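# Structural description and commentary
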Amino acid sequence: MQLHFSLSMRSLTISSGNGFIDLMKIKVAAPHISYRTLFHTILFLAFLLPFVFILTAVVTLEGVNNCSSFDCLGRRLGPRFLGRVDDSGQRLVREFYKVLNQVSTDEIPDGLELPESFSELVSEMKNNKYNVKDFALILKGMMERSDREIRESKFAELMNKHFAASAIPKGIHCLSLRLTDEYSSNAHARRQLPSPELLPLLSNKSYYHFIVSTDNILAASVVVTSAVQSSLKPEKIVFHVITDKKTYAGMHSWFALNPVSPAVVEVKGVHQFDWLTRENVPVLEAVETHNGIRNYYHGNHIAGANLSETTPRIFASKLQARSPKYISLLNHLRIYLPELFPNLDKVVFLDDDVVVQRDLSPLWEIDLGGKVNGAVETCRGEDEWVMSKRFRNYFNFSHPLIAKNLNPEECAWAYGMNIFDLRAWRKTNIRDTYHAWLKENLKSNLTMWKLGTLPPALIAFKGHVRAIDPSWHMLGLGYQSKTSIESVKKAAVIHYNGQSKPWLQIGFEHLRPFWTKYVNHSNDFIRNCHIL
């Protein structure tokens, strides 16, 4: 059987194999294409041709060996369907991983010269033709060297920051010297504080009594100024500023020459308190004179420290615990408030690194329920770094006395802004407990705790603390750079606890304005000492 098409493609003939008999002859109708079909065909080609052109261009530009187009996809998948997969690249990666695992446990050979940069490494590889293991060893050596250098730099930075935080800035030292000189030469700077007619207010229990203990004149001025300006009843405020003997003249001069009327300010040196004798504070006398303790706080902070087995964060906390302020009598004075102010019943104690942003008179209305100390707890809050402090953060629970008497999970509380009920305090043995634990820590060579005055206070005030709303006291502005600005604005008292004090160059720039706005930059002493 044979098929024959006419030249015009209009007829089809089916004949027998010998060609004589036509079995069938079919005429085909003339082809007819409608306009609709033609339109759809042209429309399809209009979309298809640009795509084909772009695909061709992409394949041309990408090349055969580095492509990601659909055409290349076929060339990639085709061999897989046929079972011919080229996995040489994967085998190379697997071999490299294997070598890295081997090298990870190997020691870097002594005397191995390491390139100083990546470009130098590439150059040496071209010249010396390293094998994979040699390359991995050199790479490991370079990374270990970089890690050591980074750690050393971080520890050096922390040491420098510690020294900066412990030192007295030139401007603040200048301010103290100039004001001390003014005290000796200017009678107005020596005038009685407060004036004689206001002396009865110092023991008037209907007033709001604040206590600040510091040797930093500038910091004291900010605390007092911010509290008075934020108060709704500044005429009811009485500030008791306690300082040491060497700073007394300068501190007195500042508040004599810069009154904060209508508030009342009293400046008193520790040498002017009859109660503060060696007999009453024997432990603190030992703390200030003990050679071992002085060496711990003033000696070489690197000696004996195994930096390879600690982290920068732990090292930073240890450095902060060795601040010389922790052996200062001024820092321990708060434990003697009932004896220093026998005529007062309720006081607010403020650290010198706080700023008051809201009226604090409602603190006197808080019912402490017979407790002595109204404080903000520091074991819960939005900031998990600042507000995550429990007893385990302050005490060495491997010490048998600590393990026996304390619970590591007990919530800690903050110093810096506390409302004290002195009347309730006088009925307790808080001071004796404080002294007893200080003695135990001295006998144990400071192995029970390291950090300043808060740990013994956590023990002494145990059972005598009433938690108050956290909005009264916001902490961490001296070590938490990521502090929420909105939270700062809402807090009644903000506390720059930590090394980065706002009067230091290492202070956080975005948090400093909340403090500097209460510095009187127009004051001649401030300007002449070039402060801030």
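Below or above, wherever it landed, is the structure these notes cover. (Residues numbered from 1 in each chain as written. Predicted model: local features only at pLDDT ≥ 70, side-chain atom pairs only at ≥ 80, totals over all residues. Heavy atoms only, no water.)

Looking only at helices and strands, the protein features 20 helices and 12 strands. Put simply, the protein has 532 residues, and 43% of those count as buried. A separation of at least 24 residues holds for 71% of the contacts in the protein among residues at least 6 apart in sequence. Carbon and sulfur atoms form 56% of the exposed surface of the protein, whose accessible area is close to 30,000 Å². (Helix = DSSP H or I, 4+ residues; strand = E, 2+ residues; numbered from the N terminus. Buried < 20%, exposed > 50% of the residue type's maximum accessible area, 1.4 Å probe, protein only. Contact = heavy atoms within 4.5 Å. Areas by Shrake-Rupley, 256 points an atom, 1.4 Å probe, with all protein chains shown as cover.)

Turning our attention to helix 16 (residues 430-443). Over its 14 residues, helix 16 extends 20 Å from the first C-alpha to the last, a length consistent with the 20 Å expected when each residue adds 1.5 Å. For helix 16, the set of buried residues is Ile430, Thr433, Tyr434, His435, Trp437, Leu438 and Asn441. Downstream of helix 16 by a residue or two, Asn445 has a phi angle that is positive, lying close to 60°. (Expected span 1.5 Å × (residues − 1).)

Under the defined criterion, the tally for this structure stands at 2 disulfides. The partner cysteine of Cys174 in its disulfide is Cys529, sulfur to sulfur 2.1 Å. Because the torsion about its S-S bond is -70°, the bridge between Cys174 and Cys529 counts as left-handed. Of this pair, Cys174 sits in helix 6 (residues 170-185) while Cys529 sits in the segment after helix 20 (524-528), and the two are 355 residues apart along the sequence. Comparing Cys174 with Cys529, the two get one shared label, buried. Note on cysteine connectivity: Cys379 is disulfide-linked to Cys411, with sulfurs 2.0 Å apart. Between Cys379 and Cys411 the sulfur-sulfur dihedral comes to about -100°; the bridge is accordingly left-handed. Of this pair, Cys379 sits in the loop between strand 9 (373-375) and helix 14 (400-405) while Cys411 sits in the loop between helix 14 and strand 10 (417-421), placing them 32 residues apart in sequence. (Disulfide = S-S within 2.5 Å.)

On the surface, Val93, Tyr97 and Leu100 cluster together into a nonpolar patch covering about 260 Å² of accessible area. Topologically, Tyr97 is positioned in helix 3 (residues 88-104). (Patch = residues over 30% accessible without salt bridge, like charges linked within 9 Å, V, L, I, M, F, W, Y side chains within 5 Å. Salt bridge = Lys/Arg side-chain N within 4 Å of Asp/Glu carboxyl O.)

Moving on: the sheet that holds strand 7 (residues 346-350). Pairing is mixed across the open sheet formed by 7 strands, whose spatial order is 6-5-4-7-10-9-11. On the outer flanks of this sheet lie strand 6 (264-269) and strand 11 (465-467), each paired with one strand and no other. Between one strand and the next, the sheet's axes are offset by a mean angle of 25°, whatever the strand orientation. Bridge analysis of strand 9 against strand 10 gives 2 bridges, and the strand direction is antiparallel. Looking at strand 10, one finds that Asn373 is bridged to Phe420. Relative to strand 5 (residues 237-243), helix 7 (residues 217-230) is tilted by about 170°, and along the sheet it contacts strand 4 (208-213), strand 5, strand 6 and strand 7. Contacts between helix 8 (residues 245-257) and the sheet are confined to strand 5 and strand 6, with strand 6 contributing the most and set at about 165° to the helix. (Pairing = 2+ DSSP bridges. Axes fitted to C-alpha atoms, helices over the stretch in contact; angles between N-to-C directions.)

Right, let's get into the environment of Leu340. Relative to the elements of secondary structure, Leu340 occurs in helix 13 (residues 337-340). Considered as a pair, Leu340 and Trp275 are 65 residues apart in the sequence and their alpha carbons are 6.9 Å apart. Every residue in contact with Leu340, bar those within four places of it in the chain, is listed here: Phe273, Trp275, Leu276 and Leu333.

Attention now goes to the environment of Thr453. By the element assignment, Thr453 lies in the loop between helix 16 and helix 17 (454-460). The exposure class assigned to Thr453 is buried, which follows from its relative accessible area of 5%. Separated by 19 residues in sequence, Thr453 and Tyr434 have C-alpha atoms that sit 9.5 Å apart.

What follows concerns the nonpolar core. Counting 67 residues, the largest nonpolar core has Leu175, Phe210, Leu218, Phe239, Phe255, Leu350 and Ile494 as its most contacted members. A total of 9 residues in this core trace back to one element, the largest contributor, which is helix 7. Residues Phe341, Phe349, Met448 and Ala460 belong to the second largest nonpolar core, which totals 43 residues. (Core = buried A, V, L, I, M, F, W, Y, C linked by side-chain atoms within 4.5 Å.)

Let us look at the pattern of salt bridges. In the structure shown here, the tally under the stated rule is 15 salt bridges. Here Lys443 makes a salt bridge to Glu440, at a shortest N to O gap of 3.4 Å. Taken together, the residues span about one helical turn, with Lys443 and Glu440 both in helix 16 at a distance of 3 residues. By relative accessible area, which is 66% here, Lys443 ends up exposed. Glu509 is the partner of Arg512 in a salt bridge, and the nearest nitrogen-oxygen pair spans 2.7 Å. For Arg512, a relative accessible area of 10% puts it in the buried group. Judged by its relative accessible area of 56%, Glu509 is exposed.

On to the packing of helix 7 against helix 8, then. The relative placement of two packed helices is expressed as an angle between their axes plus a distance between the axes. One can describe the packing of helix 7 onto helix 8 by two numbers: an axis separation of 10 Å at closest approach and a directional angle of 35°. Considering the relative orientation of helix 7 and helix 8, their crossing is right-handed. Contacts from Ile217, Ala220, Ser221 and Val224 of helix 7 reach helix 8 at Thr247, Gly250, Met251, Trp254 and Phe255. Grouping the constituent residues of the contact of helix 7 with helix 8 by class yields 6 nonpolar, 3 polar and no charged. (Left-handed = near helix turned anticlockwise from the far one by under 90°. Nonpolar A, V, L, I, M, F, W, Y, C, P; charged D, E, K, R; others polar.)

With that settled, consider the packing of helix 6 against helix 8. Where helix 6 contacts helix 8, the two axes come as close as 7 Å, and the packing angle between them is 80°. Considering the angle they form, helix 6 stands roughly perpendicular to helix 8. In this structure, helix 6 uses Leu175, Ser176, Leu179, Thr180, Glu182 and Tyr183 to contact helix 8, whose residues at the interface are Tyr248, Ala249, Gly250, His252, Ser253, Trp254 and Leu257. In terms of residue class, the contact of helix 6 with helix 8 is made up of 7 nonpolar, 5 polar and 1 charged. (Parallel < 35°, antiparallel > 145°, perpendicular 65-115°, else oblique.)

Moving on, we get to the pairing of strand 6. Buried residues dominate strand 6, accounting for 5 of its 6 residues. Direction of pairing for strand 5 relative to strand 6: parallel, over a ladder of 6 bridges. What sits directly across from Val238, in strand 6, is Val264. Since strand 5 and strand 6 lie parallel, the crossover through helix 8 that links them has a hand, and here it is right-handed. (Right-handed = clockwise from strand over helix to strand, strands pointing away.)

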